[in-house]
Amino acid sequence: MTQNTIEYRQVGHSGLTVSTVGLGCNNLGRPGSVTETQEGADAVVHAALEEGITLFDVADIYGSHPGLSETMLAKSLGSEREKVVVATKFGLDAQGANGPDWGRRGSRKYIMQSVEASLRRLGTDYIDLYYLHTPDPQTPIAETLDALDDLVKQGKVLYLGNSNMAGWQIAEAEFTARMSGGNRFVASQNHYNLMDRRAELEVTPAAEAFGLGVMPYFPLANGMLTGKYSAGKAPEGSRLSYVRQHMVEGADLEQLKAYGDFAAARGLTEVQVAFSWLAAQKSVASVIAGATRPEQVRENARAASWKPTGEDLVELDAIFPKVPRTALF
Ligand SMILES: NC(=O)c1ccc[n+]([C@@H]2O[C@H](COP(=O)([O-])OP(=O)(O)OC[C@H]3O[C@@H](n4cnc5c(N)ncnc54)[C@H](OP(=O)(O)O)[C@@H]3O)[C@@H](O)[C@H]2O)c1
C-alpha cells in the first residue's frame, strides 16, 4: 500500500486510527452503477488501497440484495483485509439475510445472528467497527450495548459505533455504557454535508462532548456538491440520473453557482471544498464518500487537505447557512 497525501486520525477518544477520507461501499453491487459488477468494485477498492485509504464502510443491507456489498468488499480486499479497518452495520431491515428479526433489531438475539452473518459474508474473524445502523425503539439501549460489549470481549468486534441517532440518544448510550462499565460507542455516523447541516444542532455537539468521532455520510450530497449537477441536469450514468432525481430538479442553481465560484476563486475543486470543510469540523474523524469509478476515489482521497481559514468558513456559512437553533423550538 503506497502512502500519499492522505492523513490519518484517531476516531474520537479511541485508539482506532483511520484515513481522513474513507470509502463508502454502498455502491458495490448497486443496480445500474458501474460498481454493480465485481470488476467495477475491484477497480474502486484497489484504487482506494493505492491511495492509502484505510477505512471501508459497508452494511449488511447494501447491494441489490442484503449482504451483497459485504461479500463483494471481501473479494475486492482479498489479502489486504488485515491492513484496513472494515466497518459494517446491522439494525436496518436485512430482509431475513441475518435470520428473523421480529422487528427488534437491537435485541441480543438479533445482534448475535447478525454478527455471525456479517463475519461469514466478509470472510473475516473480526469486524473492526460495528455500527448499530439506526436506533431500535423497541429494545432498551442497555440490552443492545450489553450484547455488543460481549462481541468485543469475544474478539468478534473491535470497536462500536452508532448511526442516525439523535443527540439525546448518543448521550443516553454514553451514560448507559458508563454505568455498566462496558464498551461504549466511539463513532457516530450521520447525514452531514454543506447542504444539510442539521447534524450541527444536536449530534456533533454530543459527539464532541462525549469523545465520539463523527463519520459524515452523504458528504457530497449524492454528488450535488461535485459540480456535475450545477447546470440543473444530471449527466448520463450519474447517481441522480436514476435515483432521487428530485434533488437535481429542485436544486438551488444560484447556491450551486456561488459554491462553484467560491471553489474557483481559491483554485480548488468543489469536491475539495466539500471534503475539506467536513474534515475541518472538530468532531469529524473520517469523511466517507462512495465512488463508482477509480478516478473519483483518487480525487476524493486527495480532497481533504485544504485548510479553510476563519474567513473561508464565514463565506461558506453565507452560501450554505447553518440551521438556526430556533428550528428546534
Ligand atoms: N449510516 C447510514 O444510514 C448511511 C446512509 C447512506 C450512506 N451511508 C454510507 O456513507 C457512504 C457515503 O454515502 P454516499 O456514497 O451516498 O455519498 P455521497 O458523497 O453523497 O455520494 C457519493 C456519490 O457521488 C458521486 N461521486 C463520488 N465522488 C465523486 C467525484 N470525485 N466526482 C464526481 N462524482 C463523485 C458518485 O456517484 P455517481 O458516480 O453515481 O454519480 C458517488 O456514488 C456510503 O457509501 C455508505 O457507506 C451510510
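Here the residue index of a chain counts from 1 through its sequence in written order. With the structure being a predicted model, the display of local features is reserved for residues of pLDDT at least 70 and the display and counting of side-chain atom pairs for 80 or more, all residues being used for whole-chain, interface and lining totals. Processing note: side-chain calculations cover all non-hydrogen atoms of the structure and skip hydrogens and water entirely.

Caption draft 1: How the structure looks around the site of the ligand. Being near a molecule or strand, for a residue, comes down to having at least one heavy atom within 4 Å of it. Taken together, 32 residues sit near the ligand, with Asn-26, Asp-57, Asn-222, Arg-239 and Thr-292 positioned nearest. In protein, a polar contact requires one atom able to donate a hydrogen and another able to accept it; more generally it is a pair of N or O atoms within 3.5 Å, and residues adjacent in sequence count only if both atoms are side-chain atoms. A distance of 2.9 Å separates an oxygen atom of the ligand from a polar side-chain atom of Asn-27. Between the ligand and Asp-57 there is a distance of 2.7 Å, counted from an oxygen atom to a side-chain nitrogen or oxygen. Each accessible area is a Shrake-Rupley result for a 1.4 Å probe, and residues are judged covered by the shown protein chains and nothing else. Protein contacts shield 95% of the accessible area of the ligand, which totals 910 Å² for the unbound molecule. Put simply, DSSP marks the helices as runs of H or I at least four residues long and the strands as runs of E at least two long, and each gets a number from the N terminus on. For the shell around the ligand, the secondary structure elements donating two or more residues are strand S10 (287-290) and helix H10 (294-301).

Caption draft 2: Representation of the packing of helix H2 (residues 68-77) against helix H3 (residues 108-122) in the model. Every angle, taken between N-to-C directions, lies between 0 and 180 degrees, and every axis is a line fitted to C-alpha atoms, over only the stretch in contact when it is a helix. Running from amino to carboxyl end, H2 crosses H3 at an angle of 40°, the nearest separation of the two axes being 7 Å. When the axis of H2 is compared with that of H3, the two are oblique. Contacts between H2 and H3 pair Glu-70, Thr-71, Leu-73 and Ala-74 from the former with Ser-118, Arg-121 and Leu-122 from the latter. Amino acids are sorted into nonpolar (Ala, Val, Leu, Ile, Met, Phe, Trp, Tyr, Cys and Pro), charged (Asp, Glu, Lys and Arg) and polar (every other residue, Gly among them). Split by residue class, the contact of H2 with H3 holds three nonpolar, two polar and two charged. For classification purposes, angles smaller than 35 degrees are called roughly parallel, those larger than 145 roughly antiparallel, those between 65 and 115 roughly perpendicular, and all remaining angles oblique. In this analysis, two residues are considered to be in contact whenever any of their non-hydrogen atoms come within 4.5 Å of each other.

Caption draft 3: Broad picture of helix H1 (residues 38-50). Compared with an ideal rise of 1.5 Å per residue, which puts 13 residues at 18 Å, H1 spans 18 Å between its outermost C-alpha atoms and is within 8% of the ideal. The elements touched by buried residues of H1 are strand S3 (21-24), strand S4 (55-57), H2 and H10. Gly-52 occupies a position one or two residues after H1 and carries a positive phi of about 90°. Residue count minus one, scaled by 1.5 Å, sets the expected span of a helix.

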